[in-house]
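Residue-level listing of the chains:
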Amino acid sequence: MPIYQAPVRDMRYLLHDFLEVGRYSNVPGFADVTPDLTDAIFEEAAKFSQEVCFPLNQSGDEEGCHWEKGKVTPPKGFKEAYDAFKAGGWNGLTCETEHGGQGLPNIVGLPFMEMMISSNISFATYPGLSRGAYEAIKRNASKELKDRYLPKMATGEWSGTMNLTEPHCGTDLGLIRTKAEPQPDGSYKITGTKIFISAGEHDMAENIVHLVLARVTGAPEGIRGISLFIVPKFMLKPDGSPGERNGVTCGSIEKKMGLKGSATCVMNYDSATGYLVGDLHKGMRAMFVMMNEARIGVGMQGVGLSELAYQNAANYAKERIQGRSLTGTKYPDKAADPIIVHPDVRKMLLTMRAFNEGARALAMWTALHADLADRHPDESVRRDAEDLLALMTPIIKAYLTDMGYESINWGVQCYGGHGYIKEHGMEQIIRDARITQLYEGTSGIQALDLVGRKLPQHMGRLLRQFFHPVDQFIHEHVDDAKLGPLVMQLAKSFARLQQATAWLAEQGLKDPMQAGSGASDYLKLFGLVAVGYMWLRMAKVSLAKLAEGDGDKAFHQNKLHLARFFMEKMLPDTSSLLSKIMAGAEPLMAMDDAAF
Amino acid sequence: MKVLVAVKRVVDANVKVRVKADKTGVELANIKMAMNPFCEIAVEEAVRLKEKGKATEIVAVSMGPQSCQETIRTALAMGADRGVHVKTDAELQPLAVAKMLKAIVEAEKPGLVILGKQAIDNDCNQTGQMLAGLLGWPQGTFASKIDIGDGKIDVTREIDGGLETVSLKAPALVTTDLRLNEPRYASLPNIMKAKKKPIEEKTPEALGVDVTPRLKTLKVEEPPKRKGGVKVASIQELVDKLKAEAGVIQ
């Protein structure tokens, strides 16, 4: 049986010691984010995820979702868990207080999201999608639509979905065919087919609010002719309660590799009534605001699942006895030594853990900037935060899911053959995690977003929000007796990142293939440096805590061990990445298409 | 009717407890702490009584260091209305706790006091009984069911032979057993509200109680490691071993 304990201690550390959120109490909504409140929230959230969601993780995977005549039933226990989730008010954690939520910032929402992901990513999909839909409506819709839909979505009584993909287009949404015909009453009739719609149909919520991208009759071709619509599963009666069924049905659900408790639906719209959200033909822009948040959420899925894999692998490595240590018996009272004594096993576990904690810090740091971009009273702070958020989003999405998957793979490796069988739950994590590298834009698409869009944006302005603080940190701490050796490691890799950036800018301008061929390696290089920077800053915090005699010595010592491991055993990969980037496009483009 | 609930902060039930190297007690530094599970049941029962309209106000009381306020907050998040914290870093033994609770009960004048039957840290199972004795109140210990009637409280108790129901004249004291109820998860809105509920701070001195321990801990040791068992070939061999080796039957 797999185990899971929410990493509440690390979350507390990141929020209060690492990000020092107390410094931002002037930002609206931050004054509440005190250690005693976040402790209370995280402790209860941990209980909920461990005791309610986690027990349904394996059974949900085993059973999957059911489709019958358009009705979709999630696995046994999901509805009860969803009811408990609603009753606990968890859906409203980061929703606005005017809609009945708690109005707490992302930095409180993200750790909760991680717990939901680790304990049961399939279950987490349902409220996760609602959250995205809520945000898109909140930021774009008219007051009337907001008033009608958001309070029920904040409580979780109604859930939400995002309908972008169609059978013939996913990444290139300019090809969308779903059409919207204007009606005399101002509404639209929506007709078309959407696929891969997570939580598109189920019986856990009273109503489902679909957000649908469609093309209004006569709209311009391509991406500039796409509009966004609300299409409710049940039309609303004058009193606002769900009434008649709207013309939207679930045609089937996908059979898939993992994430089996989450219903992936084909949605058929047949003259369904829809309401325009935001401006006509500006649907993509409305959707993209929400997509930053969704992509950070998916990045977090990489971390959450890797955390689950680590906890189990570490536990197994301490229990599984097999052979003896290379330097002689370490556990004489046992018939053999636990496999944790072996350097290769330790390397796998440390790789996982250094990634988990470093990536969690990076996600939290980015989430803080998302909050500042949203809430800070000073416009220049908001703009800087928005720049950093835009820059980091593709990195969080791709690096955290690619590395998350790799990390889970190490977790399976620790188990030997026992990782491959269902009993221990490890193979499920692999299957569940695989999708994270694909949806919300594949890793390759994220790399193109980073290199093709984010680097050149505003003449390279976005980069400054990362390069300047890193540069400054290196200069300020390179002579520090304790931190110095770690700083040197980061400085070397940072120089490689700068070199790669300059090379891509110069070569990419002449030949876009040069940029395209190095994009994914560049994103990984960037990810490594970003996580390295987080480890440096954590090392600094933990050194200070140890110096001031913090009681939790072991916790901070472990941070230092992990920081060192990351710098010496993971960060040096930047060297090979730089070589690969600079090898350019020629090795990729030389072979003829027909030869493949 | 006002209900007073006592809540104790203890090592979390999931933590593997380790004895300190100097054998003076168990390791508490940086260990996850939580509300004693029997106290959770007590709070839950009080909240249910309030939801049924049988209780009007719930006061949660805890005693010990500053961190006990977190445990009181947990009770407030479950539905208690306000807290009382007797702040002290001294070691508290059941008699001292009972005396301080007595002083608080006399001030608060609740119609019902609910305590856990015991705390999972030292398993004393004494405080409730001592408090009832000091107050001169009727007590229903090890409760698996509580019925509030007109001026009386029927308590179904779990006893060795089965169940026993006693009828207590209010005000009365009840200690909870495991099967009385299943405590709820605190909801997020209630966690947020709990932050604003009042906690009154008191001290043992202000309550006029001398908390000096009456018992002295000589040494704390881990139980001896379990030795490996053996398989027996027959029931006769088992009986022989129980007689001759274990000496548990004659």
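Above this text sits the structure in question.
Note that the structure is predicted; figures quoted are calculated from it, not measured.

### Describing the pattern of salt bridges
Residue and element names in this part refer to chain A. If you walk through the whole model with that rule in mind, you get 57 salt bridges over all chains. Measuring nitrogen to oxygen at the nearest pair gives 2.8 Å for the salt bridge that ties Asp552 to Arg9. Residue Asp552 is located in the loop between α14 (512-547) and α15 (553-570), and its partner Arg9 is located in helix α1 (residues 8-18); the two are separated by 543 residues in the primary sequence. Relative accessible area serves as the criterion here: at 13%, Asp552 is assigned to the buried category. For Arg9, a relative accessible area of 29% translates into the label partly exposed. A single salt-bridge network, built from bridges that share partners, covers Asp10, Glu114, Glu307, Arg353, Glu357, Arg360 and Lys559.

### Notes on the interface of chain A and chain B
In this assembly, 20 residues from chain A lie in contact with 11 residues from chain B. Summed over both sides, the interface between chain A and chain B buries roughly 1,500 Å², with carbon and sulfur atoms accounting for 59% of that surface. For chain A, the biggest contributors to the area lost against chain B are Leu37, Glu44 and Gln102 of chain A; these three give 31% of the whole. In this structure, the connection of chain A to chain B is made through three salt bridges. Counting the contacts that link chain A with chain B gives seven residue pairs in polar contact (both at pLDDT 80 or more).

### A few points about a nonpolar patch on the surface
A cluster of nonpolar side chains, Met513, Leu588 and Met589 of chain A, forms an exposed patch at the surface whose accessible area comes to about 300 Å². Along the chain, Leu588 of chain A turns up in helix α17 (residues 586-589).

### A closer look at the side chain of Glu307 of chain A
Residues and elements named next belong to chain A. Examined against the element boundaries, Glu307 turns out to sit in helix α7 (residues 283-319). By relative accessible area, Glu307 is classed as buried at 7%. Setting aside its immediate chain neighbours within four residues, Glu307 contacts Tyr4, Pro7, Glu114, Ser118, Asn356 and Arg360.

### Considerations on empty space enclosed by the protein
For the structure on display, the rule yields two cavities of 30 Å³ or more. Its boundaries defined by the atoms lining it, the largest cavity holds a volume of some 40 Å³. Lining the largest cavity are Gln93, Leu95, Ala96, Lys99, Asp210, Val211, Thr212, Pro213 and Arg214 of chain B. Residue classes in the lining of the largest cavity are distributed as four nonpolar, two polar and three charged. Here the second largest cavity defines a volume of roughly 40 Å³. In this structure, the second largest cavity is lined by Asn91, Cys95, Pro127, Ser130, Arg131, Tyr134, Met153 and Ala154 of chain A. Those elements giving two or more residues to the lining of the second largest cavity turn out to be α5 (106-140) and α6 (143-155) of chain A. Residue contributions to the lining of the second largest cavity peak at four residues, all from α5 of chain A. Class assignment of the residues belonging to the lining of the second largest cavity gives a composition of five nonpolar, two polar and one charged.

### Examining the sheet that holds strand β8 (residues 152-159) of chain B
Residue and element names in this part refer to chain B. The nine strands are arranged β9-β8-β7-β10-β6-β1-β4-β5-β11 in an open sheet whose pairing can be described as mixed. Each edge of the open sheet carries a strand with a single partner, namely β9 (162-169) and β11 (199-202). Put simply, the sheet's adjacent strands are angled 30° from each other on average, direction ignored. Pairing between strand β7 (residues 139-148) and β8: five bridges, direction antiparallel. Bridge assignment links Lys145 to a residue of β8, and that residue is Thr156. Across the sheet, helix α3 (residues 94-108) touches β1 (2-6), β4 (57-64), β5 (82-87), β6 (112-116) and β11, and the angle it forms with β4 is around 150°. Across the sheet, helix α4 (residues 127-135) is in contact with β6, β7 and β10 (172-176); its angle to β7 comes to roughly 80°.

Basis of the calculations
Residues numbered from 1 in each chain as written. Chains lettered and ligands numbered in written order. Predicted model: local features only at pLDDT ≥ 70, side-chain atom pairs only at ≥ 80, totals over all residues. Heavy atoms only, no water. Salt bridge = Lys/Arg side-chain N within 4 Å of Asp/Glu carboxyl O. Helix = DSSP H or I, 4+ residues; strand = E, 2+ residues; numbered from the N terminus. Buried < 20%, exposed > 50% of the residue type's maximum accessible area, 1.4 Å probe, protein only. Contact = heavy atoms within 4.5 Å. Buried area = accessible area lost by both parts, 1.4 Å probe. Polar contact = N/O pair within 3.5 Å; in protein donor to acceptor, adjacent residues only side chain to side chain. Patch = residues over 30% accessible without salt bridge, like charges linked within 9 Å, V, L, I, M, F, W, Y side chains within 5 Å. Areas by Shrake-Rupley, 256 points an atom, 1.4 Å probe, with all protein chains shown as cover. 1 Å grid on protein atoms, 1.4 Å probe; cavity = no way out; pocket = protein on both sides within 12 Å on 5 of 7 lines; lining within 4 Å. Points joined across faces, edges and corners; volume = space filled by probe spheres on them. Nonpolar A, V, L, I, M, F, W, Y, C, P; charged D, E, K, R; others polar. Pairing = 2+ DSSP bridges. Axes fitted to C-alpha atoms, helices over the stretch in contact; angles between N-to-C directions.

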